Amino acid sequence: MTTLTDPPKESFRLSMLIYDTRYRSMTIQAVAMIGFMLAAAWLINNTIVNLNTLGKPIDFGFLSEPSSYDINQRLLDYNSRDTHLRASLLGLLNTLVVAVLGCITATILGVLIGVLRLSKNWLVSRIMTVYVEMFRNVPVLLWIVLAMAILIESLPAPRAFRGEDATASMSFFDTIAVTNRGVYVPEVLFSRSLGDVHFLGTSSFRFDVSLDLIAFLIVLGASIFAVRKVTARAARIQEETGERPKTLWLNIGIIVVPTAILFAALGFHLGYPELKGFNFSGGTHLRNSLIALWLALSLYTAAFIAEIVRGGILAISKGQTEAAGALGLRPGKIMRLVILPQALRVIIPPLISNYLNLTKNSSLAIAVGYMDITGTLGGITMNQTGRELECVLMLMACYLIISLSISSVMNWYNNRVKLVER
Amino acid sequence: MKKTVIFGALTVAGLAAGAAAAGTLDDVKARGKLNCGVTTGLVGFAAPDANGNWDGFDVGVCRAVAAAVLGDPTAVEFVPTTGKTRFTALASGEIDMLARNTTWTFSRDVDLKFEFVGVNYYDGQGFMVPAELGVSSAKELDGATVCIQTGTTTELNLADFFRANNISYEPVPIETNAEAQQQYLAGACDVYTTDASGLAATRATFENPSAHVLLPEIISKEPLGPLVRHGDNNWGDVVRWTLNALISAEELGVTSANIGEMASGTNNPEINRLLGTEGTLGEMLGLSADWAKNAIMAGGNYGELFEKNIGENTPIGLARGLNAQWTDGGLIYSPPFR
Ligand SMILES: N[C@@H](CCC(=O)N[C@@H](CS)C(=O)NCC(=O)O)C(=O)O
């Protein structure tokens, strides 16, 4: 008779760490981990020791010293007596401006081009193919430099607008000045402005928030809320009676009238650019460096996005189009209501990496003198203070944070699209 | 571009201590070539000619050092650097010395850990504007758009000058002189500001130089000179005394024309010591006895270099001014060879 006995208790021997498959992989991982940590520790230690022998220990104190240089495109108040930290912050904001503008433009262009490339019209699809191949096969730096060169060389200098025999004149009923230093457009001004509230005192991170803007956002938010209510009511009535009340004019009114009243109360008017001395003053100045960088980055990235969009659309089976057609939808609606929502699922993950690329490529800004964070912190500050390692570490951290933020926002969106799709 | 900077920074971190400790002189001799950092192109100071040979006042210093160390003025690898990349290139050991219109300042010397071996051009920052603007003083530049090279003392002086005079300006930061020139000529900026010598050199390359004026204000002191890394005193001495040899040669009347004759012995002991027929100065530096002779023969003495590259008979047309020998009322002065 056989009885079930416990297998003899095996005692643990050290050699089992290597010969026993149950432990081997863990041993290997532990050894690799220790090796990696040692290598990292050696690198870091070596760097610190060498910097110390060089008399340049890691020290971020320079960030609170006055920067002593000026920045042309300033989203916050700044002068050359402000700290390097604030100069870096201004650079960071400039990076964000061009990245956001670039991503929006590249997406719009990319979707358009991707869709058109699938057009049945031979000429249109060929032109789009040429566009895509042209832009994605030439380094973006060259496009940036080319865009800048065209702006500088082909547009008139401000001094051409001066005098009786001016060779250039402003466009759009004298409201917009297009010069080789950039484009000056009218700006929104309020003669009875509510003023600004100031935050964070005199620190390097101080900023102002315009109360006019807040008032506008509140009014707009309330209007949108009201429009939603109206739409929901219309849907309910439709549900009950089968007839949908007309809401278009009502909705437009709800959006426009309160805002118009607010603007009138604040004394809304436009400030037009006008030639004063060496330059135009008044209005908003979109610098040529910003335009060149924005244009080049958008056109370049749009070519990649177009390919992603095209791939996404081709991934949706032809049966979907045919089924939608059989239901009587017209081609435009098929694309908008049937194909694109499904294609988005394929499109968004690679789209994220293109947004990241665009943001990182914006660090080529210095080629056209756009003062992004690579130009301030990684350029002038690094150069004038000689704190290479500190500046590069901070730069890397900045780009890492921007990239991770973009990824997480896009991943969140991706998850939403996925849920809706199911 | 960003990559270079990052790699540069990491190399600085990783290698600089090593590079500084090792003898640069031995490295150069072993390599058989001097790596000399120069501008990306500023005619008269450092620019490649039609055949790709570098030529100019700063290039002359590089060639003199190569001749002193290696006996061959052509044994130089010229490394073009921008205002932004020059210090990283030097600190990381990519170049052995920098001769690039670089201003000797306290923080570059003390904080950035470089060693300026002397001054080969006493300069100051000036402004250039198109004559048609009718501007006669820098104080009239309120609201102007100004092209500046980034990573320079220029951008700091400029900020201070406009602040002190309570006038505003729009800076356009630019990497190289060539780009600045393009923007300035296209009217994308009203003013170009940099060292006055650089302005004169840039203007000389214009199609119509007389359509541009230099404003009278000189807003800073810019002593320009060659520099090396801190910490290798021996190599610093080699570069310093090569420059001094060129300066002393002019003072003592030793030129590339008469040097052959003088090298066989004169009755001036200082000339003899300089040219190695007396004493052991070369040996003390770790060089051959005729090191200074080779350096002077490379492109002539200080005065000859000046006249040939940037002097009054060249298109650049700079007068000696402050850069005359001390014996002529200038500031150029070499300690004695003894
Ligand atoms: N002396 C200043 C300015 C040096 C500088 O950038 N000079 C210009 C013009 S004088 C130059 O050499 N440019 C040549 C190039 O762009 O490579 C400094 O050391 O910061």
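Residues numbered from 1 in each chain as written. Chains lettered and ligands numbered in written order. Predicted model: local features only at pLDDT ≥ 70, side-chain atom pairs only at ≥ 80, totals over all residues. Heavy atoms only, no water.

**Student:** Can you tell me about the state of the cysteines, naming the residues and giving the values?
**Tutor:** Residues and elements named next belong to chain B. Taken as a whole and judged by the stated rule, the model has two disulfides over all chains. In this model, C36 is linked to C62 through a disulfide, with the two sulfur atoms separated by 2.1 Å. Between C36 and C62, the S-S dihedral sits near -60°, and the bridge is therefore left-handed. Here C36, found in strand β1 (residues 34-38), pairs with C62, found in helix α3 (residues 57-70); they are 26 residues apart in sequence, far enough to count as distant. (Disulfide = S-S within 2.5 Å. Helix = DSSP H or I, 4+ residues; strand = E, 2+ residues; numbered from the N terminus.)

**Student:** So what's going on with the nonpolar core? Residues and values would help.
**Tutor:** Ranked by size, the top nonpolar core spans 57 residues in total, and within it L34, M97, W235 and W291 of chain B carry the most contacts. In terms of residue count, the dominant contributor to this core is α3 of chain B (nine residues). When neighbours within four sequence positions are excluded, W235 of chain B is seen to be in contact with T24, L25, V28, L34, V65, V69, D96 and V228 of chain B. If you look at the next biggest cluster of nonpolar residues, it comprises 54 residues, including A303, L356 and I402 of chain A together with A186 of chain B. (Core = buried A, V, L, I, M, F, W, Y, C linked by side-chain atoms within 4.5 Å. Buried < 20%, exposed > 50% of the residue type's maximum accessible area, 1.4 Å probe, protein only. Contact = heavy atoms within 4.5 Å.)

**Student:** Can you lay out α3 of chain B for me, pointing to particular residues and giving the numbers?
**Tutor:** All names here are of chain B. Compared with an ideal rise of 1.5 Å per residue, which puts 14 residues at 20 Å, α3 spans 20 Å between its outermost C-alpha atoms and is within 8% of the ideal. The buried fraction of α3 is high, at 13 of 14 residues. Downstream of α3 by one or two residues, G71 has phi in the positive range, about 75°. (Expected span 1.5 Å × (residues − 1).)

**Student:** Residues and numbers for the pattern of salt bridges, please.
**Tutor:** By the definition in use, this model includes 17 salt bridges over all chains. Among the salt bridges present, the one from R387 of chain A reaches E390 of chain A, with a minimum N-O distance of 3.8 Å. Overall, R387 of chain A belongs to the buried group, its relative accessible area being 13%. Among the salt bridges present, the one from R31 of chain B reaches D96 of chain B, with a minimum N-O distance of 2.8 Å. With a gap of 65 residues between them, R31 of chain B in helix α2 (residues 24-31) and D96 of chain B in the loop between α4 (86-91) and β5 (97-98) connect regions that are remote in the sequence. Its relative accessible area of 38% is what places R31 of chain B among the partly exposed residues. A relative accessible area of 2% means that D96 of chain B is categorised as buried. (Salt bridge = Lys/Arg side-chain N within 4 Å of Asp/Glu carboxyl O.)

**Student:** Could you give an account of unusual backbone geometry, naming the residues involved and the relevant values?
**Tutor:** For L200 of chain A, which is not glycine, the phi torsion reads 65° and is therefore positive. Tracing the backbone through its elements, the reader meets L200 of chain A in the loop between β4 (196-199) and β5 (207-210). The phi dihedral of N101 of chain B is positive, around 35°, even though this residue is not glycine. Relative to the helices and strands, N101 of chain B is located in the loop between β5 and α5 (106-110). For N101 of chain B, a relative accessible area of 11% translates into the label buried.

**Student:** Just give me the short version of the domain arrangement of chain B, but keep the residues and values in it.
**Tutor:** Residues and elements named next belong to chain B. The domain boundaries assigned to chain B delineate domain 1 (23-122 + 224-328) and domain 2 (125-220). Put simply, the middle of domain 1 and the middle of domain 2, counted by C-alpha atoms, are 29 Å apart. Tallying the contact residues gives 19 residues for domain 1 and 16 residues for domain 2. Counting the surface lost from both domain 1 and domain 2, the interface buries some 1,200 Å², and carbon and sulfur atoms represent 59% of this. Ranking the residues of domain 1 by area buried against domain 2 places L42, K84 and I316 at the top, with a combined share of 29%. The tally of links from domain 1 across to domain 2 stands at zero salt bridges. Here domain 1 is connected to domain 2 by one residue pair in polar contact (both at pLDDT 80 or more). Among the residues forming the side of domain 1 that touches domain 2, the class breakdown is eight nonpolar, seven polar and four charged. (Domains from an automatic or database assignment. Buried area = accessible area lost by both parts, 1.4 Å probe. Polar contact = N/O pair within 3.5 Å; in protein donor to acceptor, adjacent residues only side chain to side chain. Nonpolar A, V, L, I, M, F, W, Y, C, P; charged D, E, K, R; others polar.)

**Student:** Can you break down the sheet that holds strand β1 (residues 177-179) of chain A residue by residue, with the values?
**Tutor:** All names here are of chain A. Pairing in this open sheet of three strands is antiparallel, and the strands run β1-β2-β9 from one edge to the other. Strands with a single pairing partner mark the edges of an open sheet, and in this sheet they are β1 and β9 (284-287). Within the sheet, the average angular offset between the axes of one strand and its neighbour, ignoring direction, is 15°. Alignment of β1 against strand β2 (residues 182-185), held across three bridges, turns out to be antiparallel. If you follow A177 over to β2, its bridge partner there is Y184. Sitting on the sheet, helix α8 (residues 288-314) touches β2 and β9, and the angle it makes with β9 is about 55°. (Pairing = 2+ DSSP bridges. Axes fitted to C-alpha atoms, helices over the stretch in contact; angles between N-to-C directions.)

**Student:** Run through the domain arrangement of chain A, naming residues and quoting values.
**Tutor:** Residue and element names in this part refer to chain A. Segmenting chain A into domains produces domain 1 (58-165 + 285-393 + 411-422) and domain 2 (187-271). Spacing between the C-alpha centres of domain 1 and domain 2 amounts to 29 Å. Between domain 1 and domain 2, the residue contacts involve seven residues of the former and five residues of the latter. Of the roughly 540 Å² buried between domain 1 and domain 2 on both sides combined, carbon and sulfur atoms contribute 48%. It is L85, R86 and L89 in domain 1 that bury the most area against domain 2; as a group they hold 59% of the surface buried on that side. Linking domain 1 with domain 2 are two salt bridges. Across the salt bridge formed by R206 and D77, the nearest N and O atoms sit 3.1 Å from each other.

**Student:** Can you tell me about the site of the ligand, naming the residues and giving the values?
**Tutor:** Residue and element names in this part refer to chain B. Surrounding the ligand, one finds 22 residues, the nearest of these being T40, T103, T153, N177 and D195. Within the backbone of N101, a nitrogen or oxygen atom sits 3.0 Å from a nitrogen atom of the ligand. In the environment of the ligand, an oxygen atom lies 2.9 Å from a nitrogen or oxygen atom belonging to the side chain of R108. Burial of the ligand by the protein chains amounts to 100% of its free accessible area of 510 Å². Taken atom by atom, the bulk of the ligand overlaps the largest cavity. Elements represented by at least two residues in the shell around the ligand include exactly α6 (153-164), β11 (191-195) and β13 (222-224). Along the lines of polarity and charge, the residues of the shell around the ligand split into two nonpolar, 15 polar and five charged. There are two domains that each give the shell around the ligand at least three residues, and those are domain 1 (23-122 + 224-328) and domain 2 (125-220). (Near = heavy atom within 4 Å. Areas by Shrake-Rupley, 256 points an atom, 1.4 Å probe, with all protein chains shown as cover. 1 Å grid on protein atoms, 1.4 Å probe; cavity = no way out; pocket = protein on both sides within 12 Å on 5 of 7 lines; lining within 4 Å. Sits in = over half its atoms within 2 Å of the grid points.)

**Student:** Tell me what's going on with the interface of chain B and chain A, and back it up with residues and numbers.
**Tutor:** With 50 residues of chain B at the contact, the number on the chain A side is 48 residues. Approximately 4,000 Å² of surface area, both sides summed, lies buried where chain B meets chain A, with 57% of it carried by carbon and sulfur atoms. At the boundary of chain B and chain A, one finds five salt bridges. Applying the counting criterion to the chain B and chain A interface returns 15 residue pairs in polar contact (both at pLDDT 80 or more). Of all the elements in the fold, those that place two or more residues in the side of chain B that touches chain A are α1 (2-21), α4, β9 (144-149), α6, β10 (169-174) and α7 (177-185) of chain B. For the side of chain B that touches chain A, the leading source of residues is α1 of chain B, giving ten residues. A class-by-class count of the residues in the side of chain B that touches chain A yields 25 nonpolar, eleven polar and 14 charged.

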